[in-house]
Structures are given as C-alpha cells and as structure tokens.
Amino acid sequence: MNHWLVKSEPNKYSWDHLVKEKEGMWDGVRNFAARNNLMAMKKGDLVLFYHSNEGKEVVGLAKVSKEHYPDPTIDTGDWVVVNVVPVEKFPKTVTLADIKKHEILKNMELVRLSRLSVVPVKREEFDIIVALAHES
C-alpha cells in the first residue's frame, strides 16, 4: 500500500464536500508530475486530505476507491482522475507549520514541492501525521 497527500482549496472542494458526496472524483490536476502521482495510486491506498491556501492543514484521511481513468471534465486525453472516499476526519488538524517544525516531516514532498497538488507520503511520515492528528 502506498500513501499520498492531496491538496484542495477548501472554498473549492473541502473535506466537508467529500463527506457530503461520500465519494469524490479528484479532478482538476493539470501538472504532469501530479498526474503521474494520480496514475500511481491504487485502490485502497490511504490519502491525507490537506486544505491549501486557507488553513494549510491536514484535516482528514481518505482512501482511493477507484484507480485512475480519463478526466471526464475535459476533452483532451492527457489528464486523469481518481475517486476517493472519506475514512476519518481528524480530531486535530496538522498544520503546515507543525509539519515544518518536525525533524522528519520538514523534508516531506508537501514542503519540498509545495506547488504539487498530489504527492507521495513515506510510511513513516504518514504514521507521524496520523499520530499528531490524534494527540490530546
């Protein structure tokens, strides 16, 4: 199983939108590196849901429910989407500031490649973020 982080502006598509829909199509990716990451996602992979611009925080955990297929929102065949389902809203968000302060997390793809909307997450990084989200 692989682990991922996807970013969305909460005013365009928030965690609450995903929960309301029960299954969301992750579309709108127009960067080849991010597209390649979508293409690498497998059904069952776990996904950290990150609110970008407003909040800048990991807010929940989702799971890939359908592997990549052509993006139905455009006519060209260069872009793909995946479907995700919500698993858990985190009891505590993990902010970008928290991530940058953490010795292991400060080198995450989220930090190093801040413009990418879909990035891989190492297992150790994933485990730390989930643990931080559940700290009292």
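Rules used in this analysis
Residues numbered from 1 in each chain as written. Predicted model: local features only at pLDDT ≥ 70, side-chain atom pairs only at ≥ 80, totals over all residues. Heavy atoms only, no water. Pairing = 2+ DSSP bridges. Helix = DSSP H or I, 4+ residues; strand = E, 2+ residues; numbered from the N terminus. Axes fitted to C-alpha atoms, helices over the stretch in contact; angles between N-to-C directions. Contact = heavy atoms within 4.5 Å. Salt bridge = Lys/Arg side-chain N within 4 Å of Asp/Glu carboxyl O. Buried < 20%, exposed > 50% of the residue type's maximum accessible area, 1.4 Å probe, protein only. Phe/Tyr/Trp six-rings, centres within 6.5 Å; stacked < 30°, edge-to-face > 60°. Lys NZ or Arg CZ within 6 Å of the ring centre and 35° of its normal.

Chemist: Give me the sheet that holds strand β6 (residues 118-121): which residues, what numbers.
Modeler: Read from one edge of the open sheet, six strands run β2-β5-β4-β3-β1-β6, paired in mixed fashion. With one partner strand each, in any of the chains shown, β2 (24-26) and β6 form the two edges of the open sheet. Direction aside, the axes of adjacent strands within the sheet are offset by 40 degrees on average. Judged from the four bridges that link them, strand β1 (residues 3-8) and β6 form a sheet pairing that is antiparallel. Considered in β6, the bridge of His3 is made with Val121. With respect to the sheet, helix α5 (residues 123-133) is in contact with β1, β3 (46-51), β4 (57-70), β5 (80-95) and β6, its orientation differing from that of β5 by roughly 50 degrees.

Chemist: Give a description of the pattern of salt bridges that names residues and reports values.
Modeler: Side chains carrying opposite charge are able to pair once their charged atoms draw close together. By the definition in use, this model includes six salt bridges. Lys12 is paired through a salt bridge with Glu9; the nearest N and O atoms lie 3.9 Å apart. Residue class for Lys12 comes out exposed when judged on its relative accessible area of 61%. Salt-bridge contacts for Glu109 lead to Arg112; the nearest nitrogen and oxygen are separated by 2.8 Å. With Glu109 and Arg112 both in helix α4 (residues 109-112), this residue pair falls three residues apart, about one helical turn. Overall, the relative accessible area of 21% leaves Glu109 in the partly exposed class.

Chemist: Before we move on, can you summarise the packing of aromatic side chains with the specific residues and values?
Modeler: Counting across every chain of the model gives four aromatic pairs. Here Trp15 and Phe49 contribute two aromatic rings whose centre-to-centre distance is 5.5 Å and whose plane-to-plane angle is 80 degrees, an arrangement assigned as edge-to-face. Here Trp15, found in helix α1 (residues 15-21), pairs with Phe49, found in strand β3; they are 34 residues apart in sequence, far enough to count as distant. For the pair Trp15 and Phe49, one class covers both residues: buried. Residues Trp26 and Phe49 carry aromatic rings whose centres are separated by 5.4 Å and whose planes lie at 90 degrees to one another, so their mutual orientation is edge-to-face. Taken together, the residues Trp26 in strand β2 and Phe49 in strand β3 connect sequence positions 23 residues apart. You'll find Trp26 and Phe49 in the same group, each marked buried. Members of the aromatic cluster, joined through ring pairs, are Tyr13, Trp15, Trp26 and Phe49. Its guanidinium or amino end placed over the ring of Tyr69, Lys66 lies 4.2 Å from that ring's centre, counting from NZ or CZ.

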